[in-house]
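Reading the structure
Next come the chains, spelled out residue by residue.
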Amino acid sequence: MQLATVDALATLEEKINDKSALVGIYGLGYVGLPLALRFAEAGLKVLGFDIDAAKVQQLNAGGSYIERLMPASIQQALGQGFEATSDFARTVEVDVLIICVPTPLTAHREPDLSFITNTIDAALPHMRAGQLVSLESTTWPGTTDEVLAPRLRARGLEPGVNCALVFSPEREDPGNAHYATKDIPKVIGGTTPRCLELGPALY
């Protein structure tokens, strides 16, 4: 099934530049939640996804389960358009999908990609042309090309043509009072040159 649309990436770029893009953060842990708050602080609306319904309920009520994030920061983000959900069908609403799920080590000391694959597989049925996917989870080089890109193509989404795919490893420094999310430089890699243009535009 081909989901081509005319100038889908040009429309996405316009939304990113004028801050009308809706950013989806998948995984609201110590990486995803601070990132969601930072995007909200920067003026973008954010829809946070997490499979833990208790976390979703707590966030939407203005509470925090991460010690260094005060409830006041959650409440401020809610006022800026942040919302949390466990409904992956709402993926169709977002313009950007940022995957921030854990990659614990296996018994062979390799990253367990099941959280990544489960997340993208849950989102894929609801994806559309004109979206950007950014993988932030810590994993080995090639994961975007070898694991994510084939799944997107099976959905009719071609990176650099009608969607964008980038890798930007998380850069959190928990417990450091001097460096917040906004202060830590980001490294961004794109599947194609067009993807690489859109990644830095977002971040």
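The following paragraphs examine the structure supplied in this document. (Residues numbered from 1 in each chain as written. Predicted model: local features only at pLDDT ≥ 70, side-chain atom pairs only at ≥ 80, totals over all residues. Heavy atoms only, no water.)

Throughout the structure, instances matching the rule amount to four aromatic pairs. Both rings, one in Y26 and one in F49, keep their centres 4.2 Å apart while their planes meet at 5 degrees; by these two values the pair is stacked. Highlighted residues: Y26 in strand 1 (residues 22-26) and F49 in strand 2 (residues 45-49), separated in sequence by 23 residues. The class for Y26 is buried, based on a relative accessible area of 1%. By relative accessible area, which is 1% here, F49 ends up buried. Ring geometry for F39 versus Y203: centroids 6.2 Å apart, planes at 50 degrees, classification tilted. You can see F39 sitting in helix 2 (residues 32-41) and its partner Y203 sitting in the segment after helix 7 (193-202), a full 164 residues away along the chain. (Phe/Tyr/Trp six-rings, centres within 6.5 Å; stacked < 30°, edge-to-face > 60°. Helix = DSSP H or I, 4+ residues; strand = E, 2+ residues; numbered from the N terminus. Buried < 20%, exposed > 50% of the residue type's maximum accessible area, 1.4 Å probe, protein only.)

Before going further, it helps to spend a moment on the side chain of D95. Topologically, D95 is positioned in the loop between strand 3 (83-85) and strand 4 (96-99). With a relative accessible area of 4%, D95 lands in the buried category. Here R128 takes part through its side chain, which lies 3.1 Å from a polar atom of the side chain of D95. (Polar contact = N/O pair within 3.5 Å; in protein donor to acceptor, adjacent residues only side chain to side chain.)

Moving on, we get to unusual backbone geometry. In this model, K19 sits at a positive phi of 65 degrees, which is unusual for a non-glycine residue. Given the relative accessible area of 46%, K19 is considered partly exposed.

These results come straight from atomic positions and should not be treated as a statement about function.
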